[in-house]
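Structural description and commentary
Take a look at the letters that make up each chain.
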Amino acid sequence: VAAAFGSFRFIIKGSLAGAAVYVAYDQGLLGSGTQGAEALKKAQAALPPAIQEWTSYIGWELPPTPKFDFSLSDSWNKGVQTVMSALSVAPTRACEYTVEGWKYVK
């Protein structure tokens, strides 16, 4: 019985993971950066009305959502540029640190 329950849990978890990957692929989240940005814009436009409809159906009252002036894609791009900049100067810095290390050892 325990083995059957364990395999049943595995099947359910695998199905949920597969469905999540399919939805992410279907919405364009696994595509290029422009497809991801478009999917994010669609989600930002669709999510507040859906939450409002759900809370009115349940009967809950939620406070208004705060407005942030934050762009996830700009932050992501800045992070990628920073990492690429650090990787581009890494060989030069490694040589400099090696020379300094040999001078210290001598």
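Residues numbered from 1 in each chain as written. Predicted model: local features only at pLDDT ≥ 70, side-chain atom pairs only at ≥ 80, totals over all residues. Heavy atoms only, no water.

Summing up its helical and strand segments, the chain has three helices and zero strands in all. The C-alpha radius of gyration computed for the chain amounts to 24 Å, which surpasses the reference 13 Å derived for 106 residues by more than 25%, pointing to a less compact arrangement than a globule. Projecting the C-alpha coordinates of the chain onto the three principal axes gives extents of approximately 75 × 50 × 25 Å. Buried residues in the chain amount to 4% of all 106 residues. Working note: accessible area of the chain is about 9,800 Å², and carbon and sulfur atoms make up 67% of it. Across the chain, 9 positive and 8 negative side-chain charges occur, with their mean positions spaced 11 Å apart. (Helix = DSSP H or I, 4+ residues; strand = E, 2+ residues; numbered from the N terminus. Rg over C-alpha atoms; globule rule 2.2 N^0.38 Å. Buried < 20%, exposed > 50% of the residue type's maximum accessible area, 1.4 Å probe, protein only. Areas by Shrake-Rupley, 256 points an atom, 1.4 Å probe, with all protein chains shown as cover. Lys, Arg positive; Asp, Glu negative; His and termini not counted. Charge placed at Lys NZ, Arg CZ, Asp CG, Glu CD.)

Here the chain is partitioned into domain 1 (1-63) and domain 2 (70-105). Here the C-alpha centre of domain 2 lies 36 Å away from the C-alpha centre of domain 1. (Domains from an automatic or database assignment.)

Moving on, we get to the confidence of the model for the chain. Any residue range with low pLDDT should be treated as having predicted coordinates unsuitable for detailed reading. Averaged over the chain, the pLDDT score is 82; the fraction of residues at 70 or greater is 93%. Confidence, read as mean pLDDT per element, is least for helix 2 (residues 33-58) in the chain (78) and greatest for helix 1 (residues 2-26) (87). (pLDDT = per-residue confidence, 0-100.)

The subject of this paragraph is helix 1. The terminal C-alpha atoms of helix 1 lie 36 Å apart, and with 25 residues this matches the ideal 36 Å at 1.5 Å per residue to within 8%. G28, located one to two residues past helix 1, shows a positive phi value of around 90 degrees. (Expected span 1.5 Å × (residues − 1).)

The end-to-end C-alpha distance of helix 2, which contains 26 residues, comes to 36 Å, matching closely the 38 Å that a straight helix rising 1.5 Å per residue would cover. Where helix 2 ends, the next residue or the one after it, G59, has phi of about 100 degrees, a positive value.

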